[in-house]
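Listed below, chain by chain, are the residues.
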Amino acid sequence: MKAAFESNVQGGILILKIKGDLIGDESGPQLVGMVSDGLQENIKKCIVDLSQVRYISSSGIGVLITILTKMRNADGEVYLTSPSEHVKKLLIITKLNNIFTVFDTLEDALNQSR
């Protein structure tokens, strides 16, 4: 299933909710574009909600790293939230759990990132 996503800003934090498979197809540049737009509006924190992501390919991992790099280059931060067991294992195998701050719920991420 191709990735679908929605974004909103809550309390000065960009929230990206992704649904489906993050495989870095045309959705990758769109997600990066949303982060760039947020940075233009001086938003320095981004939460990526992975609760409805079933699968992430290596290209999808590249998209997450690109988002993180863009935010950190602007003195911002990216938080991941609600990964499935499969996605959690992938983050551990790729050691991305050491690079990203991962929260169990969106609420936890919102509370900690304010």
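Each remark here, short or long, concerns the structure printed above.
For clarity, every value in this text was computed on a predicted model and none was experimentally measured. (Residues numbered from 1 in each chain as written. Predicted model: local features only at pLDDT ≥ 70, side-chain atom pairs only at ≥ 80, totals over all residues. Heavy atoms only, no water.)

Visitor: What exactly am I supposed to notice about the side chain of serine 57 here?
Guide: The topology assignment puts serine 57 in the loop between strand 3 (45-56) and helix 2 (58-73). The class of serine 57 is buried, set by a relative accessible area of 12%. (Helix = DSSP H or I, 4+ residues; strand = E, 2+ residues; numbered from the N terminus. Buried < 20%, exposed > 50% of the residue type's maximum accessible area, 1.4 Å probe, protein only.)

Visitor: For this particular structure, what's the right way to read the pairing of strand 1 (residues 4-10)?
Guide: A regular strand places its side chains on the two faces of the sheet in alternate fashion. Across 7 bridges, strand 1 lies against strand 2 (residues 13-22) in antiparallel orientation. Counted as the bridge partner of valine 9 is leucine 14 from strand 2. Hairpin geometry of strand 1 and strand 2 is characterised by an intervening segment of 2 residues between the two adjacent antiparallel strands and by a positive phi of about 60° at glycine 11. (Pairing = 2+ DSSP bridges.)

Visitor: Can you help me understand the packing of helix 1 (residues 27-40) against helix 2 in this one?
Guide: A pair of packed helices is captured by two measures, namely the crossing angle of their axes and the spacing between those axes. The contact between helix 1 and helix 2 brings their axes to 10 Å, and the two run at 15°. Comparing their axes, helix 2 and helix 1 come out roughly parallel. In the crossing of helix 1 with helix 2, the sense of the turn from one axis to the other is right-handed. Of the residues in helix 2, those in contact with Gly28, Leu31, Val32, Val35, Ser36 and Leu39 of helix 1 are Val63, Thr66, Ile67, Lys70 and Met71. Among the residues making up the contact of helix 1 with helix 2, the classes are represented as 7 nonpolar, 3 polar and 1 charged. (Axes fitted to C-alpha atoms, helices over the stretch in contact; angles between N-to-C directions. Parallel < 35°, antiparallel > 145°, perpendicular 65-115°, else oblique. Left-handed = near helix turned anticlockwise from the far one by under 90°. Contact = heavy atoms within 4.5 Å. Nonpolar A, V, L, I, M, F, W, Y, C, P; charged D, E, K, R; others polar.)

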